[in-house]
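The lines below spell out each chain.
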Amino acid sequence: NAPFTGVACEEGECPPGQRLHRNAEVSNATEKYSHWQACAPCQLGRYKKTSGNQECDLCPKGLVPDANRSSCVHCALGLVPTNLSSCGKCP
């Protein structure tokens, strides 16, 4: 297996809001290990509630990920989802 790196991943699992990125290019790469496994933020429109290396889930329609991408939330009053991860004023 490739080495594992990332913030808060000492247990070999990614924290909530992050997914496992295999074959990541990292600054501490070596000739032997040019690609590592690393934690990366969930993709746009996705979230992950718990620690682990599973993929992030898509937020239900009408919700957007919170800032940490660890849950999905409604937009503030008067705002609507404008894309997969942010809220904006009604058109």
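Parameters at a glance
- Residues numbered from 1 in each chain as written.
- Predicted model: local features only at pLDDT ≥ 70, side-chain atom pairs only at ≥ 80, totals over all residues.
- Heavy atoms only, no water.
- Helix = DSSP H or I, 4+ residues; strand = E, 2+ residues; numbered from the N terminus.
- Buried < 20%, exposed > 50% of the residue type's maximum accessible area, 1.4 Å probe, protein only.
- Contact = heavy atoms within 4.5 Å.
- Areas by Shrake-Rupley, 256 points an atom, 1.4 Å probe, with all protein chains shown as cover.
- Polar contact = N/O pair within 3.5 Å; in protein donor to acceptor, adjacent residues only side chain to side chain.
- Lys, Arg positive; Asp, Glu negative; His and termini not counted.
- Salt bridge = Lys/Arg side-chain N within 4 Å of Asp/Glu carboxyl O.
- Disulfide = S-S within 2.5 Å.

Colleague: Pulling in residues and values, what's your account of the overall build of the protein?
Modeller: When helices and strands are counted, the protein shows zero helices and nine strands. For the protein, the succession of helices and strands along the chain, N to C, is β-β-β-β-β-β-β-β-β. Burial analysis of the protein (91 residues in total) assigns 30% to the buried set. Considering only contacts in the protein between residues 6 or more positions apart, those separated by 24 or more positions represent 38%. As presented, the protein carries roughly 6,100 Å² of accessible surface, and 51% of it is formed by carbon and sulfur atoms.

Colleague: Can you lay out the environment of Gln43 for me, pointing to particular residues and giving the numbers?
Modeller: Tracing the backbone through its elements, the reader meets Gln43 in the loop between β3 (36-41) and β4 (46-47). Residues contacting Gln43, with those up to four places away along its chain left out, are Arg19, Glu55, Cys56 and Arg69. A distance of 3.5 Å separates a polar atom in the side chain of Gln43 from a polar atom in the side chain of Arg19.

Colleague: Give a detailed account of the side chain of Arg19, specifying residues and quantitative values.
Modeller: Relative to the helices and strands, Arg19 is located in strand β2 (residues 18-24). Although buried, Arg19 forms no salt bridge, and the nearest oppositely charged side chain, Glu55, lies 5.2 Å from it. Within the local environment of Arg19, its side chain forms a polar contact with the backbone oxygen of Pro41, the two atoms lying 3.4 Å apart. Those residues in contact with Arg19, other than ones at most four positions away along the chain, are Cys14, Ala38, Cys39, Ala40, Pro41, Cys42, Gln43, Gln54, Glu55 and Cys56.

Colleague: Tell me what's going on with the state of the cysteines, and back it up with residues and numbers.
Modeller: What the rule picks out here adds up to four disulfides. Each sulfur of the disulfide joining Cys75 and Cys87 lies 2.0 Å from the other. Its S-S torsion of about -80° marks the bond between Cys75 and Cys87 as left-handed, since a negative value means left-handed. Taken together, the residues Cys75 in the loop between β7 (72-73) and β8 (79-81) and Cys87 in strand β9 (residues 87-89) connect sequence positions twelve residues apart. The class for Cys75 is buried, based on a relative accessible area of 14%. Here Cys87 falls in the partly exposed class, since its relative accessible area comes to 29%. In the protein, the bonded cysteines, numbered by position in the sequence, are linked as 1-2, 3-4, 5-6, 7-8.

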